[in-house]
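# Coordinate inspection notes
Spelled out from the first residue to the last, the chains are:
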Amino acid sequence: MKVIPEKWAEINQQPVISFTLINDHGIEITCMNYGCIITKIITPDKSGNYENIVLGFNRFEPYLTNSPYFGAVIGRVAGRIQGASFELDGKIYRLCKNENNNHLHGGIKGFHHVLWDAEIVEKDEEIGVRFSYTSPDGEEGYPGTVHVQVTYLLNKENELIISYHAHSDKNTLLNLTNHTYFNLSGNIKRDILDHELKIKSDRFLELDQELIPTGAILDVTNTPFDLRQGKKIKDGIMTNHSQIELVGQGYDHPFVLNTHHDEEIVLQDPESGRTLTIETDEVGVVVYTGNQLQSGMDIYGVPSRKYLGICLETQGLPDAVHHPHFPSYVLQANQNYSSVTKYKFGVLKS
Ligand code: FUC
């Protein structure tokens, strides 16, 4: 197993380095210090063909200017914050409005648009990169100086383990995730409509017109959101359920996970035979089926279009700061923030 660093570009006289993690089974994960962006994941299909299973760009430049958060770490707060403001300890904080009247995915210069320090990790059982970033007090309007570490490790069991650690000198908000768009067909041969998704979740969050949780936590039973037995994506989203229509004929919804580190999220592409199993200690997962993917981007030579990738963003429930009955994502001063999500790459047994 090894990690190969390579200079890819430069911003403000600082090198943008890509790191390729390779294990003994030929799984390759490429990521970079800009935004901790995962640019490629190469895994075998059922016949042993190794192909890329994530959306990204051949060139660095579009990551700066035109990326819908491909592969990036999102922070300080994933998801939307209604009205781009919140109250904490009696004080009102104002954030930028980067989507309608609301704040989305950490703002204009969120964690996806900063250069992180990087350190290669090489151990017997796993290899990877540890990224760190210190977000200054007041950055993007949030209180507290926050030290964040995100580690990507690849092991011999074909698992990518993403762990997040942080602490802050003041009470603040923190809800980190990774925004990789998966497409298990291999080299983006097909869209994700024929992928099958299984999630151990009895409840999902209702959204309003601006895709912000209304506060209602709904039962999945007898709805397209019942993924407990697994469902073809298109069978879920080509329906006239009002929540599916609301988000542009797709999923863009937080699911509350019933269980943790128990194969709670499984994505499969029957044609290639590739499987992705995600386990996490996070409260929920936002499932986003690429409903808003615009045309006009070149994704490794494939013209971008709706449903070309699916994001499975493990995280705390969005806009929890405005919903006291959601688990809080307030990070208290001098407390440790810690979460882990594991992605296992496999193939269906024939
Ligand atoms: C997801 C969605 C959003 C948005 C963004 C690019 O997290 O929740 O609606 O389109 O990604």
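These remarks concern the structure in this document. (Residues numbered from 1 in each chain as written. Predicted model: local features only at pLDDT ≥ 70, side-chain atom pairs only at ≥ 80, totals over all residues. Heavy atoms only, no water.)

## Some remarks on the sheet that holds strand E24 (residues 274-280)
With antiparallel pairing, nine strands are arranged side by side in an open sheet as E11-E12-E13-E14-E30-E24-E23-E18-E21. Sheet topology places strand E11 (117-122) and strand E21 (231-232) at the edges, where each strand pairs with a single neighbour. (Pairing = 2+ DSSP bridges. Helix = DSSP H or I, 4+ residues; strand = E, 2+ residues; numbered from the N terminus.)

## Some words on the environment of Thr43
Following the sequence through the fold, Thr43 ends up in strand E4 (residues 38-44). Using a relative accessible area of 4% as the deciding quantity, one classes Thr43 as buried. Each C-alpha atom of the pair Thr43 and Thr177 lies 22 Å from the other, and the pair is 134 residues apart in sequence. If sequence neighbours within four positions are ignored, Thr43 has contacts with Ile27, Asn49, Tyr50, Glu51, Ile53, Arg274 and Phe345. (Buried < 20%, exposed > 50% of the residue type's maximum accessible area, 1.4 Å probe, protein only. Contact = heavy atoms within 4.5 Å.)

## Side note on the environment of Ile278
Take Ile278: it is sitting in strand E24. Through-space distance from the C-alpha of Ile278 to that of Glu263 is 6.2 Å; in sequence the pair is 15 residues apart. Setting aside residues no more than four positions away along its own chain, Ile278 makes contact with Glu263, Glu264, Ile265, Leu312, Thr314, Thr341, Lys342 and Tyr343.

## A few points about the side chain of Asn52
The residue Asn52 is located in strand E5 (residues 50-52) in this model. By relative accessible area, which is 5% here, Asn52 ends up buried. In this structure the side chain of Asn52 is engaged in a polar contact, spanning 2.9 Å, whose partner is the backbone oxygen of Val54. For Asn52, the residues in contact, after removing those within four places along its chain, are Lys40, Ile41, Ile42, Asn183, Gly186, Asn187, Ile188 and Tyr300. (Polar contact = N/O pair within 3.5 Å; in protein donor to acceptor, adjacent residues only side chain to side chain.)

## Some remarks on the pairing of strand E30 (residues 337-347)
Sheet topology places strand E14 (residues 159-168) next to E30; eight bridges connect them, and they run antiparallel. Among the inter-strand pairings, His165 is bridged to a residue of E30, identified as Ser338.

## A few points about the site of the ligand
Surrounding the ligand, one finds Tyr69, Arg80, His105, His179, Tyr181, Leu211, Asp252, Tyr288, Gln292 and Glu313. One of the side-chain nitrogen or oxygen atoms of Asp252 is found 2.5 Å away from an oxygen atom of the ligand. Measuring from an oxygen atom of the ligand, one finds a side-chain N or O atom of Glu313 at 2.8 Å. Expressed as a share of its isolated accessible area of 290 Å², the protein-covered part of the ligand is 93%. Its residues assigned to classes, the shell around the ligand comprises four nonpolar, three polar and three charged. (Near = heavy atom within 4 Å. Areas by Shrake-Rupley, 256 points an atom, 1.4 Å probe, with all protein chains shown as cover. Nonpolar A, V, L, I, M, F, W, Y, C, P; charged D, E, K, R; others polar.)

## Describing the sheet that holds strand E25 (residues 284-288)
Reading across from one edge, E17-E28-E25-E22-E19-E20 is the order of the six strands in this open sheet, with antiparallel pairing throughout. Because the sheet does not close on itself, it has two edges, and the strands there are strand E17 (181-182) and strand E20 (213-219). Bridge count between strand E22 (residues 252-256) and E25: five bridges; the pairing is antiparallel. In the strand pairing of E25, Val256 is matched with Gly284.

## As for the pairing of E24
Summarising burial for E24: seven of the seven residues are buried, a large majority. Relative to E24, strand E23 (residues 265-269) runs antiparallel, the two sharing five bridges. Bridge pairing in E24 links Gln268 to Thr275. Linking E23 back to E24 in an antiparallel pair, the connection comprises four residues, with Gly273 at a positive phi of about 80°. Pairing of E24 with E30 involves seven bridges; the strand directions are antiparallel. Note that in E30 the partner of Leu276 across the bridge is Phe345.

## Here we look at the state of the cysteines
Joining two cysteines, a disulfide is a covalent bond between their sulfur atoms. The final tally for this structure, using the stated rule, is zero disulfides. Sulfur of Cys31: no disulfide; nearest cysteine sulfur belongs to Cys36 and is 7.9 Å away. The class of Cys31 is buried, set by a relative accessible area of 0%. There is no disulfide at Cys96, and the cysteine sulfur nearest it, in Cys36, is 19 Å away. (Disulfide = S-S within 2.5 Å.)

## Details of unusual backbone geometry
For the bond from Gly75 to Arg76, the omega torsion is 5°, close enough to zero to count as cis. You can see Arg76 is positioned in the loop between strand E6 (73-74) and strand E7 (80-81). Phi at Asp89 takes a positive value of approximately 50°, unusual for a residue other than glycine. Positionally, Asp89 belongs in the loop between strand E8 (85-88) and strand E9 (91-94). Phi at His261 takes a positive value of approximately 50°, unusual for a residue other than glycine. In this structure, His261 sits in the loop between E22 and E23. Classification of His261 as partly exposed rests on a relative accessible area of 41%.

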